[in-house]
Amino acid sequence: MTGKPAIWLRKQFCGRGYSAERARDGRLAFERLSLDLVAVPVEDGNEKSRRAVETYVETNGGQYDGIIRNSTVRLGGDVVDHHRYTISREQYQGGQ
């Protein structure tokens with residue numbers, strides 16, 4: 001599979017546990033979509049999302065790759081940094 005499938009939540013849905021629920025099931029990414037790698041960017045300063053992603057990554061054997069400076073330009077021109085977390089198919093299968 002090529003490209004970057006992604007799911008973004010609108011602000012009104014943030015903080016309701018949807019990301020954590022979606023993230024708990026790696027079967028979608030690795031078994032159903034046959035992805036080799038799941039990369040999760042978390043905007044710097046979004047500590048709730050960062051904690052949720054860290055929990056998922058730790059549970060499934062993934063890793064923190066570091067901070068990517070100036071990774072995204074938002075509408076309005078603000079440039080933001082992202083923390084990047086990844087889980088490979090091998091890491092996910094090894095964590096099962």
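See the structure printed just above.
Below, the structure is looked at part by part. (Residues numbered from 1 in each chain as written. Predicted model: local features only at pLDDT ≥ 70, side-chain atom pairs only at ≥ 80, totals over all residues. Heavy atoms only, no water.)

A word on the pairing of strand β2 (residues 63-73)
Then comes step 1: As defined by bridge partners, β2 adjoins strand β3 (residues 79-88) across seven bridges and the pair is classed as antiparallel. Within β3, the residue paired with Val-73 across the bridge is Val-79.
Then comes step 2: Connecting β2 to the antiparallel partner β3 that follows it, the hairpin turn spans five residues, and Gly-76 within it adopts a positive phi of roughly 100 degrees. (Pairing = 2+ DSSP bridges. Helix = DSSP H or I, 4+ residues; strand = E, 2+ residues; numbered from the N terminus.)

Focus on the packing of aromatic side chains
Then comes step 1: For the structure on display, the rule yields two aromatic pairs.
Then comes step 2: Taken together, a centroid distance of 5.0 Å and an interplanar angle of 25 degrees make the contact between Phe-30 and Tyr-92 stacked. Placement of Phe-30 in helix α2 (residues 27-32) and of Tyr-92 in helix α4 (residues 89-94) is noted, with a sequence separation of 62 residues between them.
Then comes step 3: With a relative accessible area of 5%, Tyr-92 lands in the buried category.
Then comes step 4: Ring centres 5.0 Å apart and planes at 50 degrees place the aromatic pair Tyr-64 and Tyr-85 in the tilted group. A residue pair is termed long-range when its members are at least 10 positions apart, and Tyr-64 in strand β2 and Tyr-85 in strand β3 qualify at 21 residues.
Then comes step 5: The class of Tyr-64 is partly exposed, set by a relative accessible area of 40%. (Phe/Tyr/Trp six-rings, centres within 6.5 Å; stacked < 30°, edge-to-face > 60°. Buried < 20%, exposed > 50% of the residue type's maximum accessible area, 1.4 Å probe, protein only.)

Focus on the sheet that holds β3
Then comes step 1: The strand order across the open sheet formed by three strands is β1-β3-β2, and the pairing between neighbours is antiparallel. A strand with exactly one partner marks an edge of an open sheet, and here the two such strands are β1 (37-43) and β2. For this sheet the average axis-to-axis angle between neighbouring strands, irrespective of direction, equals 30 degrees.
Then comes step 2: Against the sheet, helix α3 (residues 47-59) contacts β1, β2 and β3, and its axis sits at roughly 15 degrees relative to β3. (Axes fitted to C-alpha atoms, helices over the stretch in contact; angles between N-to-C directions. Contact = heavy atoms within 4.5 Å.)

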